[in-house]
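The lines below spell out each chain.
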Amino acid sequence: MAHELENEDPIKLAEFQAKIDAEIKIEPKDWMPEKYRQNLVRQISQHAHSEVIGMQPEGNWVSRAPSLRSKKILMAKIQDEGGHGLYLYCAAETLGVTRDQYIKWLHEGKAKYASVFNYPSPTWADMGAIGWLVDGAAIVNQVSLQRTSYGPYARAMVRICMEESFHQRQGYEIMDRLMQGSEAQRKMAQDALDRWWWPSLMMFGPHDADSAHSSQSMKWKIKRESNDDLRQQFIDKTIPQAELIGLKVPDEKAIWNPETNHYDFSDIDWDEFWNVIKGNGPCNKQRLDHHIKAHNDGEWVRKAAQAYAMKQNNKLQTA
Ligand code: FAQ
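Residues numbered from 1 in each chain as written. Predicted model: local features only at pLDDT ≥ 70, side-chain atom pairs only at ≥ 80, totals over all residues. Heavy atoms only, no water.

Caption draft 1: Representation of the domain arrangement of the protein chain within the structure. In terms of domain boundaries, the protein chain breaks down into domain 1 (3-280) and domain 2 (283-319). Each of domain 1 and domain 2 has a C-alpha centre, and these two points are 27 Å apart. On the domain 2 side, the residues contacting the 15 residues of domain 1 number nine residues. When the two sides are added together, the surface that domain 1 and domain 2 hide from each other amounts to roughly 1,100 Å², 58% of it contributed by carbon and sulfur. (Domains from an automatic or database assignment. Contact = heavy atoms within 4.5 Å. Buried area = accessible area lost by both parts, 1.4 Å probe.)

This is the structure we're talking about:
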């Protein structure tokens, strides 16, 4: 990375770093190193795509939610995730790339989204596990990103975090209710935890030593805490929540360690993680195909909205 910064003006670079060190937010019109801009384009777009693709595993259960109450809550939650995608695409657009381009990169497989959304959601308990674990992991990461150095990204995070905490409780409530139900319902909840636990830990990314972007991203305060530190925070928070309602995380080594003041945990299956990221997870193809189809089906809506906006604009100009 250092040699990639050689083309930048050293004085501007030093002033930029001083601003970051003084916790002054970088705004869209401020000078920024090209590598800073590119790194943000990559991370924010990946984040935005995750929110939108993340609607799919939950969308699977809207028509089969077990009560009107749970259906209404699930629909509101999924709609929130779409809204998060919108705030994040807007933040990403301030870096000089259009939303069409971001979507094109996604459809061409050039842009990533969170690996966790490439797993199936076959039971109602998966709605509990996604809210509790996936949103729970997202919150730990995003609370830290509220202090990210790029202004539009940090501000989007503040609102997103408020909504995600409601989502986490929605998921935990589903798990809690299932655990108070029949033997079959308790088994369904435990099975969902067993399937979503490891993919949720993978959401935080590779170990710090294997994280290509962390060192520069931390220096520029794009990331405020490391992948491993955030993962450990999530584990320490979540295991007591599981135990409180009678669930057990699928890891024999997940025991409180008084010496480290953290829970221990087993090695993560990184082969599985990289395999899913490369496009070979159980649902990668399904998720992307669905997004492409929905995008193409919606073309007439975008055209109609643009035509309406132009008409309104013309009216204003002739008035
Ligand atoms: N999945 O060098 P690092 C949500 C890639 S929102 C896929 O450590 P970095 C809401 C990484 O891109 C969840 N790819 O990368 C919701 C890089 O590849 P690249 C999304 C991953 O960026 C809930 C390579 O590996 N949240 O859940 C993953 O410094 C329920 C090397 O990794 C965010 O995106 C992964 N898990 O750190 C919605 C948060 N991990 O780009 C619906 C913002 C790593 O060079 C339902 N993002 N990679 O080709 C971040 O904080 C960071 O991007 C990390 C990764 C921490 C994810």
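Additional details are given in the paragraphs that follow.
Caption draft 2: Representation of the site of the ligand within the structure. Around the ligand, 37 residues are found, and the nearest of them are Gln 46, Lys 112, Ser 211, His 213 and Lys 223. Take Lys 112: an N or O atom from its side chain is 2.4 Å from an oxygen atom of the ligand. For the shell around the ligand, the secondary-structure elements that each account for two or more residues are helix H2 (34-53), helix H4 (68-93), helix H6 (125-145), helix H7 (151-179) and helix H11 (270-280). Considering each element in turn, the shell around the ligand owes the most residues, seven residues, to H6. Of the residues belonging to the shell around the ligand, the class tally is 16 nonpolar, twelve polar and nine charged. (Near = heavy atom within 4 Å. Polar contact = N/O pair within 3.5 Å; in protein donor to acceptor, adjacent residues only side chain to side chain. Helix = DSSP H or I, 4+ residues; strand = E, 2+ residues; numbered from the N terminus. Nonpolar A, V, L, I, M, F, W, Y, C, P; charged D, E, K, R; others polar.)

Caption draft 3: Up close: H2. For H2, with 20 residues, the first-to-last C-alpha span of 28 Å sits near the 28 Å given by 1.5 Å per residue. The buried fraction of H2 is high, at 14 of 20 residues. (Expected span 1.5 Å × (residues − 1). Buried < 20%, exposed > 50% of the residue type's maximum accessible area, 1.4 Å probe, protein only.)

Caption draft 4: Here's a closer look at the pattern of salt bridges. By the definition in use, this model includes 21 salt bridges. Here Asp 126 makes a salt bridge to Arg 195, at a shortest N to O gap of 2.8 Å. Of the two residues, Asp 126 is situated in helix H6 and Arg 195 in helix H8 (residues 183-202); the sequence distance between them amounts to 69 residues. We classify Asp 126 as buried; its relative accessible area is 0%. (Salt bridge = Lys/Arg side-chain N within 4 Å of Asp/Glu carboxyl O.)

Caption draft 5: Examining the nonpolar core more closely. Counting 50 residues, the largest nonpolar core has Met 175, Trp 196, Trp 197 and Leu 247 as its most contacted members. Counting residues per element, the ones that place at least two in this core are H4, H6, H7, H8, helix H10 (227-244) and H11. At nine residues, the largest contribution of residues to this core is made by H6. Non-local contacts of Leu 247, meaning those with residues more than four positions away in its chain, are made with Trp 132, Met 175, Met 179, Ala 189, Gln 190, Leu 193 and Ala 242. (Core = buried A, V, L, I, M, F, W, Y, C linked by side-chain atoms within 4.5 Å.)

Caption draft 6: Just the packing of H2 against H7, in detail. Direction vectors running N to C along H2 and H7 enclose 25°, while the axes themselves pass 13 Å from each other. Our classification of the angle between H2 and H7 gives roughly parallel. Where H2 crosses over H7, the two elements pack in a sense that is left-handed. Between H2 and H7, the contacting residues are Leu 40, Gln 43, Ile 44, His 47 and Glu 51 on the first element and Tyr 153, Met 157, Ile 160 and Glu 164 on the second. Tallied by class, the residues present in the contact of H2 with H7 amount to five nonpolar, two polar and two charged. (Axes fitted to C-alpha atoms, helices over the stretch in contact; angles between N-to-C directions. Parallel < 35°, antiparallel > 145°, perpendicular 65-115°, else oblique. Left-handed = near helix turned anticlockwise from the far one by under 90°.)

Caption draft 7: Structural detail: the environment of Gln 170. Tracing the backbone shows Gln 170 in helix H7. Once the C-alpha coordinates of Gln 170 and Ile 53 are considered, the two residues, 117 residues apart in sequence, prove to be 19 Å apart. Setting aside residues no more than four positions away along its own chain, Gln 170 makes contact with Ile 73, Leu 74, Lys 77, Met 127 and Gly 131.

Caption draft 8: Region of the structure containing the packing of aromatic side chains. Enumeration over the complete set of coordinates arrives at 13 aromatic pairs. Just above the ring of Trp 61 sits the side chain of Arg 64; from NZ or CZ to the centre is 4.2 Å. (Phe/Tyr/Trp six-rings, centres within 6.5 Å; stacked < 30°, edge-to-face > 60°. Lys NZ or Arg CZ within 6 Å of the ring centre and 35° of its normal.)

Caption draft 9: Highlighting the environment of Ile 222. Along the chain, Ile 222 falls in the loop between helix H9 (214-219) and H10. With a relative accessible area of 0%, Ile 222 lands in the buried category. Residues within four places of Ile 222 in sequence aside, it is in contact with Tyr 36, Asn 39, Leu 40, Gln 43, Leu 145, Thr 148, Ser 149 and Ser 217.

Caption draft 10: Spatial organisation of unusual backbone geometry. Positioned with a positive phi, Glu 23 is a non-glycine residue whose angle comes to about 60°. Mapped onto the elements of the fold, Glu 23 is located in the loop between helix H1 (10-21) and H2. A positive phi angle, near 65°, is found at Asn 261, a position not held by glycine.

Caption draft 11: Quick look at the environment of Ser 63. On the secondary structure map, Ser 63 appears in the loop between helix H3 (55-59) and H4. The exposure class of Ser 63 is exposed, given its relative accessible area of 59%. In this structure the C-alpha to C-alpha distance between Ser 63 and Ile 53, which are ten residues apart in sequence, comes to 18 Å.

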